[in-house]
Amino acid sequence: MSTTQSDSTDGLEEPDDDKLFRDRVRENPRPAMAWLAGLAFLLLLEIGRVFAGVGQAFGIVGFTVELLASVPTSVGDNVAGTLGSAAGFVATAVTAVLMAFAVTVPVAGSVPDGAVDVLGLDLSRRGRRWAKRAELTFVLVAAAGLVAYTPVGGAFSALIGAITGGVDALAASLPSITSRDLIPNTGHRLPEGGWEGTFLGLSPATAWAIRTGLVFAYATTALVWLWRGFDVYRTHYRLADWTPRDDTVRRFRNNYWGLFGFAIVFLFVVMALWAPAVSPVEAQHNIYEPNSHEFQYLSEDGEVTSTTHVFANLQSRSDGQNTIGPMSYDDYDRWAPLGTTNRGQDMMTHLSYGARTSLVIGLTAIGLGALIAVVLSLLSSYYKGVTDIVTVMASDTIQAVPALLLIMLVSVVFQEANHPIAQPLDGGLLLALIFAFAYWPGMWRSIRGPSLQVSEQEWVDAAKSYGQTPLQTMRKHMAPYIAGYILIYGSLLIGAVIISTAALTFLGLGINPPTPEWGRLIDGGQSYVATDSWHVATIPGIAIVLVVIAFNALGDAIRDAIDPEADVDESEAAATGGGA
Amino acid sequence: MSRHTAPTTPGDEGRPAPDTMVKVRDLKTYYEGGGLLDDRPVKAVDGVSFDIRRGETLGLVGESGCGKTTLGRTLIRLEEATDGEVLFDGTDITSLRGDQLYEWRRNAQMVFQDPDSSLNDRMTIGEIVREPLDVHDWKTPADRRERVKSLLDEVGLSPEHYYRYPHQFSGGQRQRIGIARTLALNPEFIVLDEPVSALDVSVQAEIINLLEDLQEEFDLTYLFIAHDLSVVRHICDRVAVMYLGNIMEIGPTEELFTDPANPYTHALLSAIPKPDPTASRDRITLHGTPPNPRYPPTGCPFSTRCPVRIRPDEHENLDDEVWEGINGLREIIRERMRADRSIRERVRERFGLETRFATIDETYDELFGDLAVPDEVDRVLSEITDAAGDHEEREALDRLNAEFGSVCDGVDPDGGDEPVEPEYYEVSDSGRLSYCHRHDERYRETATVIDDRS
Ligand code: SF4
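Residues numbered from 1 in each chain as written. Chains lettered and ligands numbered in written order. Predicted model: local features only at pLDDT ≥ 70, side-chain atom pairs only at ≥ 80, totals over all residues. Heavy atoms only, no water.

### Considerations on the sheet that holds strand 4 (residues 83-88) of chain B
All names here are of chain B.
Here comes step 1: Across the sheet, four strands lie side by side as 2-1-4-5; this open sheet has antiparallel pairing. Taken across any chain shown, the strands that pair with only one partner, and hence form the sheet edges, are strand 2 (42-53) and strand 5 (91-92).
Here comes step 2: Pairing between strand 1 (residues 20-31) and strand 4: five bridges, direction antiparallel. If you follow Val24 over to strand 4, its bridge partner there is Val86. (Pairing = 2+ DSSP bridges. Helix = DSSP H or I, 4+ residues; strand = E, 2+ residues; numbered from the N terminus.)

Written as structure tokens, this is what we have:
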């Protein structure tokens, strides 16, 4: 998350200093090489997972593209239903063009001017900008039309299919250091003692601990590698010997409360990313399709028998009468580091996949909401007047409806209609989109002050005085100042989103089973808190509290870190820097 | 002093204007009122006309809030003019659009007042100074880098500062960086908006010297906005004195400083401590604050505070303090007229309860309580206060103007109904202009009146 801010400022330096940077690396390649070698080594260790991740990214992009691509036709169909098919076709085309155009506005700036010159028109500067956007729109629409209405489309999807298939095959065949194949922890006891099927014949508990330990070691190494990258860049390649970001980083590093938050968030994210590795049983087997997966165990009469997860789960429930507590095996030789749920499924598996669910929802909701908030705050503080009033009215209208009510209402409507958007994550994506919609006004309000303030700075006037375009002015002179604030509010709100998701699921509204979700765990365990099965609700409850606190701590720390006023020795920096 | 009337648009006729660069004619910049109900604009610049000659430094002075910064910003199109023309070498730039505006912007740049706010802290000095070049696609990136480095050298910084951040510099150095950015596009005309007022006194002189050197080197034309008169006297060739959106006096610096013609200039100059204790002129203290530019007074903009305001003959010899009271009363009535009383306040008033407005009687006591007011004046005044007390403010004002008003308040001495405003009178051979009725031969000169009244 913390890269957003540096991205936006780094981007500024690149276009022109690009060549210089390359030259600098060429002159002194060793540090960069060592660092890249580290990257190669890290990637190689987890090559299987890397490809799995790439495959998943493909899937997400594909889904998004499909969803967006279906918008023009569905708009067209709706119009056709009332006004006839010709109008429907026009509506489809208009929607497609508008959407394509919306894409080109931010992109056009980075496309070389050459394309426009083809027409040989003598255009004004403004005209050129619009011509460029129009041409790009045309290209996009033409490409989309080609894919949608001609045989090219078939070939295109075949190609995509082949690539995805290849990636998936690679993901399945390549090894990973944290994979279940390399360090298996599911096996059964042998009648004569010892274990069969586990890593080196160790107990499942030990094998699981080794694998989980590896995951965290790996993730920590990756973090260190990232930090090294910043350090290498700073000492060897950066031309400036000091930047305001250095101070930000230094202040953050000295903030222990913030570091605590960061550590918890890091744990949470790693757990989510490596959910398949840190869960003792496979989610597919234990949670999603317990009927169709068998495993072996040593039965009471001393024979190795085979049973399905669904049956074993029934016998392993933690429901007050029966308890499989933390750090224990159930009767089927399955290791349950955090015990089982009230339905007999593995708690650790639920927790890690639930972290994934929460993280996806949180990031999608906050990412989207923040994007809307930032764009609107830039526009409304730069143009003021009518733009501002319209935004105020829109956000007031949304805020007038209680957020939770709005969320429940919309989510029920979409789920009842079985809209395709309600499918992914059993309603998780839908929830994320609704959160984004319900929370952007709040975020916009909280960055409105800072953006109005920055729009009043003289450097914005200066940019106007030499003819900088509004878009560039907003991007270079305003956005970097808002980025910090949106990071703060984003990380504060992400906790709220996580807790709201859990709350809704607790009420049976948010995310449907089987997708794991922390709120459902708490719901399932709430009646056993006073029994032996106290852990069912307590563990996810503690996890949620920790994560929310951690995100808040992180947000606070970011605020302190970006605030130069919090620094005493700023004057000192000025003194050492000046001098001439 | 010559006392013939000059045309309100100076320099247009007769006078040869050898090398005029900027011609401003009847320029108005109004800000629309923010409120929903009150749509009276703020008249920040209310019809000014002047010329800026090529290569000169024209100073623009006045109290804060007089519209000088707005005027400067309008000249470089940071503010949209409401009316009037700004001719740059013959082109009216108030109507430029699109590419023409973009091209023209090269020629006119601005140095901002606050060096903390004028540089984007997240960019390196190099990026900051380069941005104008990038925007105008000046040569190649490598050339731009070279140019930035030479500009940094030019303003007294070193090329190594290219990769530093503004945080690392002191106020004076930051202002130098701002100046380097201003020069990047080789402009001909630069608006300097109080360029040194935010700096330590010790560095002010350095920056001023730098600006002078640069002017010489690059043939720059400056509009120097300031409220520090000693700096203005040092650097400017000519000075325009601004009050409430109007130019009160404009002319060569030395002349204007040694022999001010306009009452406002007198007042402004008398506020600077005199190095020469034998100087004959008395210190004039200005009473009150400038009026709200949303509601400028009718007639002369300075009439509410002018120490030599023209008085009707029959009251010429009234006590100065009584006059002060009358002026205060006028202001209070005007204020009451535009204050929108809430319904609640109206009701409270009805029942004689206390409101946030002092009753007019209280006001009257405060203003005239311990003064010896001649009987017939007192009679008129109580009529006026009675009318005002009944919320007939319009009537009260009319009565007050009829009795005590003069040409300075817009009352036409020839009996016309339209309010009259002063004209520009040419007050010296150098073409100095002053905006005051006192230069009309019907009235006594400013200097004599000052001596008289003090
Ligand atoms: S016109 Fe009247 S009020 Fe205005 S400056 Fe001259 S004397 Fe003073």
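### Here's the deal with the domain arrangement of chain B
Here comes step 1: If you check the domain split of chain B, you get domain 1 (20-270) and domain 2 (313-405).
Here comes step 2: The straight-line distance from the C-alpha centre of domain 1 of chain B to that of domain 2 of chain B is 43 Å. (Domains from an automatic or database assignment.)

### Here's the deal with the pairing of strand 3 (residues 294-298) of chain A
Residue and element names in this part refer to chain A.
Here comes step 1: Pairing geometry for strand 3 and strand 4 (residues 304-308), over five bridges, is antiparallel. In the sheet register, Tyr297 faces strand 4, and the bridge partner there is Thr305.
Here comes step 2: Between the end of strand 3 and the start of strand 4, which pair antiparallel, lie five residues, with Gly302 showing a positive phi angle near 80 degrees.

### Let's talk about the sheet that holds strand 3 (residues 57-61) of chain B
All names here are of chain B.
Here comes step 1: Here eight strands make up an open sheet; going across it, the order is 6-7-8-3-9-10-12-11 and the pairing mixed. Taken across any chain shown, the strands that pair with only one partner, and hence form the sheet edges, are strand 6 (108-111) and strand 11 (424-426). Neighbouring strand axes in the sheet, compared pairwise and without regard to direction, differ in orientation by 20 degrees on average.
Here comes step 2: Bridge analysis of strand 3 against strand 9 (residues 238-243) gives four bridges, and the strand direction is parallel. Paired with Leu58 across the two strands is Arg238, which belongs to strand 9.
Here comes step 3: Each of strand 6 and strand 7 (189-193) is contacted by helix 5 (residues 171-183), which is oriented at about 175 degrees to strand 6, the strand it contacts most.
Here comes step 4: On the sheet, helix 9 (residues 263-270) packs against strand 3, strand 9 and strand 10 (246-252) and is oriented at approximately 100 degrees with respect to strand 9. (Axes fitted to C-alpha atoms, helices over the stretch in contact; angles between N-to-C directions. Contact = heavy atoms within 4.5 Å.)

### Digging into the pattern of salt bridges
Here comes step 1: On inspection of all chains with the given rule, the structure shows 44 salt bridges over all chains.
Here comes step 2: In this structure, Lys384 of chain A and Glu456 of chain A form a salt bridge, with 3.3 Å as the shortest nitrogen-oxygen distance. One end of the pair, Lys384 of chain A, is in the loop between helix 14 (347-383) and helix 15 (385-400); the other, Glu456 of chain A, is in the loop between helix 17 (428-455) and helix 18 (458-465), with 72 residues separating them in the sequence.
Here comes step 3: Residue Lys384 of chain A is classed as partly exposed on the basis of its relative accessible area, which comes to 32%.
Here comes step 4: Put simply, Arg432 of chain B and Glu255 of chain B hold a salt bridge, and the shortest N to O gap is 2.8 Å. Taken together, the residues span a long stretch of sequence, with Arg432 of chain B in the loop between strand 11 and strand 12 (433-435) and Glu255 of chain B in helix 8 (residues 253-258) at a distance of 177 residues.
Here comes step 5: We classify Arg432 of chain B as buried; its relative accessible area is 1%.
Here comes step 6: Three or more residues are tied together by salt bridges with common partners; here these are Asp231, Arg234, Arg238 and Asp246 of chain A. (Salt bridge = Lys/Arg side-chain N within 4 Å of Asp/Glu carboxyl O. Buried < 20%, exposed > 50% of the residue type's maximum accessible area, 1.4 Å probe, protein only.)

### Concerning the interface of chain A and chain B
Here comes step 1: Across the contact, 39 residues belong to chain A and 35 residues belong to chain B.
Here comes step 2: On the chain A side of the interface with chain B, the three residues burying the most area are Glu458, Ser465 and Tyr466 of chain A, jointly 20% of the side's total.
Here comes step 3: Linking chain A to chain B there are three salt bridges.
Here comes step 4: One salt bridge connects Lys476 of chain A with Glu131 of chain B, and the closest N-O pair in it is separated by 3.7 Å.
Here comes step 5: For the interface between chain A and chain B, the tally reads 18 residue pairs in polar contact (both at pLDDT 80 or more).
Here comes step 6: Elements that contribute at least two residues to the side of chain A that touches chain B include exactly helix 1 (3-27), helix 6 (125-149), helix 9 (244-253), helix 18, helix 19 (470-506) and helix 22 (570-577) of chain A.
Here comes step 7: The leading source of residues in the side of chain A that touches chain B is helix 1 of chain A, at seven residues.
Here comes step 8: By residue class, the composition of the side of chain A that touches chain B is 15 nonpolar, 12 polar and 12 charged. (Buried area = accessible area lost by both parts, 1.4 Å probe. Polar contact = N/O pair within 3.5 Å; in protein donor to acceptor, adjacent residues only side chain to side chain. Nonpolar A, V, L, I, M, F, W, Y, C, P; charged D, E, K, R; others polar.)

### Topic: the packing of helix 10 (residues 320-338) of chain B against helix 12 (residues 360-368) of chain B
Residue and element names in this part refer to chain B.
Here comes step 1: Their axes nearest at 9 Å, the elements helix 10 and helix 12 cross at an angle of 155 degrees. Judged by the angle between their axes, helix 10 and helix 12 are roughly antiparallel. Read as a crossing pair, helix 10 and helix 12 show a hand that is right-handed. Contacts between helix 10 and helix 12 involve Val322, Gly325, Ile326, Gly328, Leu329, Ile332 and Arg336 from the former and Ile360, Thr363, Leu367 and Phe368 from the latter. (Parallel < 35°, antiparallel > 145°, perpendicular 65-115°, else oblique. Left-handed = near helix turned anticlockwise from the far one by under 90°.)

### Quick look at helix 5 of chain B
Here comes step 1: For helix 5 of chain B, which comprises 13 residues, the first-to-last C-alpha distance of 19 Å matches the rise-based estimate of 18 Å (1.5 Å per residue) to within 8%.
Here comes step 2: Helix 5 of chain B sits mainly inside the fold: 12 of its 13 residues count as buried.
Here comes step 3: Looking only at helix 5 of chain B, the buried set comprises Gly172, Gln173, Arg174, Gln175, Arg176, Ile177, Gly178, Ile179, Ala180, Arg181, Thr182 and Leu183 of chain B.
Here comes step 4: Here the buried face of helix 5 of chain B lies against helix 18 of chain A together with strand 6, helix 3 (125-135), helix 4 (141-154), strand 7 and helix 6 (201-218) of chain B. (Expected span 1.5 Å × (residues − 1).)

### Describing the side chain of Glu403 of chain B
Here comes step 1: Along the chain, Glu403 of chain B falls in helix 14 (residues 393-404).
Here comes step 2: Once residues within four sequence positions are removed from consideration, Glu403 of chain B is found in contact with Pro312, Glu314, His315 and Val380 of chain B.

### Comments concerning the packing of aromatic side chains
Residues and elements named next belong to chain B.
Here comes step 1: Tallying each qualifying case throughout the model produces 26 aromatic pairs over all chains.
Here comes step 2: Arranged with centres 5.1 Å apart and planes meeting at 75 degrees, the rings of Phe88 and Trp104 form a pair that is edge-to-face. Here Phe88 is found in strand 4, whereas its partner Trp104 is found in helix 2 (residues 98-104), with 16 residues between them in sequence. Here Phe88 matches Trp104 in class, with each residue buried.
Here comes step 3: Geometry around Tyr162 places Lys149 over its ring, the cationic atom sitting 5.2 Å from the centre. (Phe/Tyr/Trp six-rings, centres within 6.5 Å; stacked < 30°, edge-to-face > 60°. Lys NZ or Arg CZ within 6 Å of the ring centre and 35° of its normal.)

### Focus on a nonpolar patch on the surface
All names here are of chain A.
Here comes step 1: On the surface, Trp257, Phe260, Ile542, Val545, Leu546 and Ile549 cluster together into a nonpolar patch covering about 530 Å² of accessible area.
Here comes step 2: A total of four residues in the nonpolar patch trace back to one element, the largest contributor, which is helix 21 (residues 535-562).
Here comes step 3: Of note, Ile549 is situated in helix 21. (Patch = residues over 30% accessible without salt bridge, like charges linked within 9 Å, V, L, I, M, F, W, Y side chains within 5 Å. Areas by Shrake-Rupley, 256 points an atom, 1.4 Å probe, with all protein chains shown as cover.)

### A look at unusual backbone geometry
Here comes step 1: In this structure, Pro514 of chain A follows Pro513 of chain A across a cis peptide bond, with omega equal to 10 degrees.
Here comes step 2: One non-glycine residue, Asp333 of chain A, lies in the positive phi region at around 65 degrees.
Here comes step 3: When you line up the elements, Asp333 of chain A lands in the loop between strand 5 (328-329) and strand 6 (335-336).
Here comes step 4: The phi angle at Asp26 of chain B is positive, at roughly 50 degrees, despite the residue not being glycine.
Here comes step 5: You can see Asp26 of chain B is positioned in strand 1.

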